[in-house]
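Take a look at the letters that make up each chain.
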Amino acid sequence: AAASSTAASSAASFSASSAAAHNQPQQTAQQRGAGGGTPLQAGAPLPPGWTKVMDFGKVKGYRGPRGERAGTKQEAWRRHDAAAWAAEEAAAAEAAAAEAA
């Protein structure tokens, strides 16, 4: 009986921590520990829209929302951050062009 109550409490704490993780603001690569070749912390989340690709219970890699592929979570975060930076640059260029016109 003690083992089932422990499993239930760990499942409840996992779902609570999972829900809390979705409500947090986006962290930068440096805040996550992903920058500069530093390995991600155990249990670090995937970037928004990314999914884990599994094969017979083993992780084969990660797939992004636009079909990108990454072999590690760290690579997935690098690709996500690069795409976000490119989108910000494009928006800034578009705003500058609209302002000049």
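Relevant structure appears above.
Residues numbered from 1 in each chain as written. Predicted model: local features only at pLDDT ≥ 70, side-chain atom pairs only at ≥ 80, totals over all residues. Heavy atoms only, no water.

Describe in detail the overall build of the protein chain, supporting the description with residues and values.
Along its length, the protein chain carries three helices and three strands. Secondary structure elements of the protein chain occur, N-terminal to C-terminal, as α-α-β-β-β-α. In the protein chain, which comprises 101 residues, the share counted as buried stands at 15%. The long-range fraction of contacts in the protein chain, counting pairs at least 24 apart against all pairs at least 6 apart in sequence, stands at 35%. (Helix = DSSP H or I, 4+ residues; strand = E, 2+ residues; numbered from the N terminus. Buried < 20%, exposed > 50% of the residue type's maximum accessible area, 1.4 Å probe, protein only. Contact = heavy atoms within 4.5 Å.)

Please give an account of the pattern of salt bridges that cites residues and values.
Scanning the model with the defined rule gives two salt bridges in all. Among the ionic pairs, Arg-66 bridges to Glu-68, the shortest N-O distance being 3.1 Å. Classification of Arg-66 as exposed rests on a relative accessible area of 60%. Looking at Glu-68, the relative accessible area reads 16%, which means it is buried. The partner of Arg-79 in a salt bridge is Glu-75, with the nearest N and O atoms 2.8 Å apart. Of this pair, Arg-79 and Glu-75 are both found in helix H3 (residues 73–100), four residues apart, which corresponds to roughly one turn of the helix. Glu-75 sits in the partly exposed class, given a relative accessible area of 21%. (Salt bridge = Lys/Arg side-chain N within 4 Å of Asp/Glu carboxyl O.)

I'd like a description of the side chain of Glu-68, backed by residues and values.
For Glu-68, the location among the structural elements is in the loop between strand E2 (58–63) and strand E3 (69–70). Engagement of the side chain of Glu-68 in a polar contact is seen with the backbone nitrogen of Arg-66, the distance being 2.9 Å. (Polar contact = N/O pair within 3.5 Å; in protein donor to acceptor, adjacent residues only side chain to side chain.)

Note that all results are geometric; they support no functional claim without further evidence.
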